[in-house]
Every structure is written in C-alpha cells, then in structure tokens.
Amino acid sequence: MVSKRRVDALLKGGSAAPLRGAGNCATSHGGTADDRHHAASLTAERLARAERQRRRWATQVVVIDELAQRACAERGLEPPDEVAPDRVLAVAETDVADLGSIVAAALAHSPAARLLLAELEGEQEVPEAAVRDYYDRNRDRFLTTEALRRGVDPFGGASSEDFVPYGQARAGVARELRRAAGRRAFFGWLDQAKAGVVYAVGHEHPGDPAHPDHEHRH
C-alpha cells in the first residue's frame, strides 16, 4: 500500500507537472458583472480540474518509485543511499519526448527506478547484425566532419571516405541500441507491475477514461 501522504509531500514540495487543462487564467475586465462572474467561475473550475490531474500525475510518480523499490528488493539490488527528493526534479525535454512525462519524472525522482532501468539495460543483448543494420540504414548519421562541411549527400555521390568507419562507430551504435532495448524492457516491466495496482478515488491515472477529468497525455 502506498500512503497518500507520500503524494501530498510530493505536491507540497512542488511538482514539475504542468497545470494542464487550466487554460487561460486571465479574466476580462469588460462586459457585464454576470459575464465577469461566469469567466471567474470557469477559471476556478479549470484550475480545480488541473489540480486534481496534478494529484493523479504525482500519484503515478510515487507508485512507480514504490514498485521499483520492490522490484529491486526482489532482484537483490540495493538502490543508492540517497533519499528520493520530496519534489519532482526538472526533467530534460528529450527524456519527456522519449519516455513520457510521468516515467521521465519518476526516473528523475526515484533512485530505485534508475537502478532498475540500468539493470535491465545491462541485461540486453544486441546482436552484431542489428548493429551493422543500423549503421547501414542510417548513413547520414555517420558522415565525417569534413563530409558534413562539404555538404555531401550520404545517399548519393558519397564515397567510403566520407563516412566514419564501422569499426569506429560500432560501440556507440551498440550502446544506443542497448539503451533503447533497456527502455523497452523497463516499460514492459512497468506495464506488468502496474496491472494489479488499485487506485483510490482521485488518484487514478490522468488518462483513465473512467474519471471525469480524463485526458490522455504523457
């Protein structure tokens, strides 16, 4: 069981979750008193909805931390001796794009989640054929600095000298593919781990269509 106090603490510490759904909070000074009252009511309603969604968002971050701690314990892994911060740290936009805001924030927040991700990544085997295939299909990523300066077209008219040799590029490609495979494994674990989670009312997933504030964003 995850205490609601952990979610409250995360929210009080300040959350990186945007107040989605709040809309434009400005109210017009023109119009009739009824118009202004209606606009103020809409603003209050939108803010209340956004706060409810923020609580659901924070709940997901706390739940992922708890599940990751349990998974680490089952694997005999000991997370670093650091306390998960009482607030969601800033998350790189690239991580949000690749992972979704909830998982990216959970990884920033949870030492256990980061350790589990690293463990899963280390378990991934990347076949040599996959590395070579990636190198061959993404030639534009392996142009030399000189070729880039000359504006060489990697898919037409380029010579072998215009590309970083496979032997030099291989380690970086394998590392990138292993990282991607590790993230897929992490998502697979998370889907299974969360399957049995039962949420209290007001703490459901923000994208759960069962609640009236439903929105499907990552």
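Below or above, wherever it landed, is the structure these notes cover.

Basis of the calculations
Sequence order as written defines the numbering, with residues in each chain counted from 1. Reporting of local features is limited, given that this is a predicted model, to residues whose pLDDT is at least 70; pairs of side-chain atoms are given and counted only at 80 or more, and all residues count toward the totals for whole chains, interfaces and linings. Note that the side-chain values use all heavy atoms of the structure and ignore hydrogens as well as water. Counting from the N terminus, the helices are the DSSP runs of H or I reaching at least four residues and the strands are the DSSP runs of E reaching at least two. Three labels apply to residues, based on accessible area from a 1.4 Å probe with only protein chains included: buried if under 20% of the type maximum, exposed if over 50%, partly exposed otherwise in between. We call two residues in contact when some of their heavy atoms are within 4.5 Å. Residue exposure ignores everything except the shown protein chains as possible cover, and the areas themselves are Shrake-Rupley values with a 1.4 Å probe. Stacked, tilted and edge-to-face are the three classes assigned to paired rings of Phe, Tyr and Trp, where Trp is represented by its six-membered ring and a pair needs centres within 6.5 Å; plane angles under 30 degrees give stacked, over 60 edge-to-face, the rest tilted. Consider the ring centre and the ring normal. A charge sits over the ring if Lys NZ or Arg CZ is within 6 Å of that centre and within 35 degrees of that normal. Any carboxyl oxygen of Asp or Glu within 4 Å of a side-chain nitrogen of Lys or Arg constitutes a salt bridge here. Definition of a polar contact: a pair of N or O atoms within 3.5 Å, with one able to donate and the other able to accept a hydrogen when the atoms are protein atoms, and with sequence-neighbouring residues admitted only if both atoms are side-chain atoms. The angle between two axes is taken between their N-to-C directions and runs from 0 to 180 degrees, where each axis is a line fitted to C-alpha atoms and a helix contributes only its stretch in contact. To sort the angles, those under 35 degrees are grouped as roughly parallel, those over 145 as roughly antiparallel, those from 65 to 115 as roughly perpendicular, and the leftovers as oblique. Residue type decides the class: Asp, Glu, Lys and Arg count as charged, Ala, Val, Leu, Ile, Met, Phe, Trp, Tyr, Cys and Pro as nonpolar, and the leftover types, Gly among them, as polar. Expected span, for any helix, means 1.5 Å times one less than how many residues it has.

### Description of the overall build of the protein chain
When you go through the protein chain residue by residue, the secondary structure sums to eight helices and zero strands. Counting helices and strands in the order they occur from the N terminus, the protein chain gives α-α-α-α-α-α-α-α. Here the protein chain, with 218 residues, has 35% of them falling under the buried criterion. By sequence separation, contacts in the protein chain at least 24 residues apart represent 76% of the contacts at least 6 residues apart. By element, 52% of the accessible surface of the protein chain is carried by carbon and sulfur atoms, the whole surface being about 12,900 Å².

### Quick look at the packing of aromatic side chains
All told, the structure shown has three aromatic pairs when counted by the stated rule. Ring geometry for tyrosine 135 versus tyrosine 166: centroids 5.2 Å apart, planes at 70 degrees, classification edge-to-face. Of this pair, tyrosine 135 sits in helix H6 (residues 128-137) while tyrosine 166 sits in helix H8 (residues 166-194); the two residues are 31 residues apart in sequence, bridging distant segments of the chain. Given a relative accessible area of 15%, tyrosine 166 falls into the buried group. One aromatic cluster is present, built from ring pairs that chain together Tyr135, Phe142 and Tyr166. For arginine 132, the ring lying beneath its charged end belongs to tyrosine 166, and the centroid distance is 4.4 Å. Here the basic side chain of arginine 139 rests over the ring of phenylalanine 163, its NZ or CZ set 4.0 Å away from the ring centre.

### Focus: the pattern of salt bridges
Counted according to the given criterion, the structure contains eleven salt bridges. Here arginine 75 and glutamate 123 are joined by a salt bridge, their closest N and O atoms 2.7 Å apart. You can see arginine 75 sitting in the loop between helix H2 (33-74) and helix H3 (93-99) and its partner glutamate 123 sitting in the loop between helix H5 (111-122) and H6, a full 48 residues away along the chain. We classify glutamate 123 as partly exposed; its relative accessible area is 40%.

### A look at the side chain of aspartate 162
Among the secondary structure elements, aspartate 162 is positioned in the loop between helix H7 (145-150) and H8. Overall, aspartate 162 belongs to the buried group, its relative accessible area being 6%. A distance of 2.5 Å separates a polar atom in the side chain of aspartate 162 from a polar atom in the side chain of arginine 150.

### Quick notes on the side chain of threonine 144
With respect to the element layout, threonine 144 can be found in the loop between H6 and H7. Here the side chain of threonine 144 touches alanine 147 through a polar contact of 3.1 Å, landing on its backbone nitrogen. Excluding its chain neighbours within four sequence positions, the residues that come into contact with threonine 144 are Glu161, Asp162, Phe163 and Val164.

### Some remarks on the packing of H6 against H8
In contact at an axis separation of 9 Å, H6 and H8 are set at 110 degrees when each is read in the N-to-C sense. Put simply, H6 runs roughly perpendicular to H8. Side by side, H6 and H8 meet where Glu128, Ala130, Val131, Arg132, Tyr134 and Tyr135 of the first sit next to Tyr166, Ala169, Arg170, Val173, Ala174, Glu176 and Leu177 of the second. Its residues assigned to classes, the contact of H6 with H8 shows nine nonpolar, no polar and four charged.

### Brief notes about H5
The end-to-end C-alpha distance of H5 is 17 Å, a good match for the 16 Å that twelve residues give at a rise of 1.5 Å each. Of all the residues in H5, the buried ones are Pro111, Ala112, Ala113, Leu116, Leu117 and Leu120.

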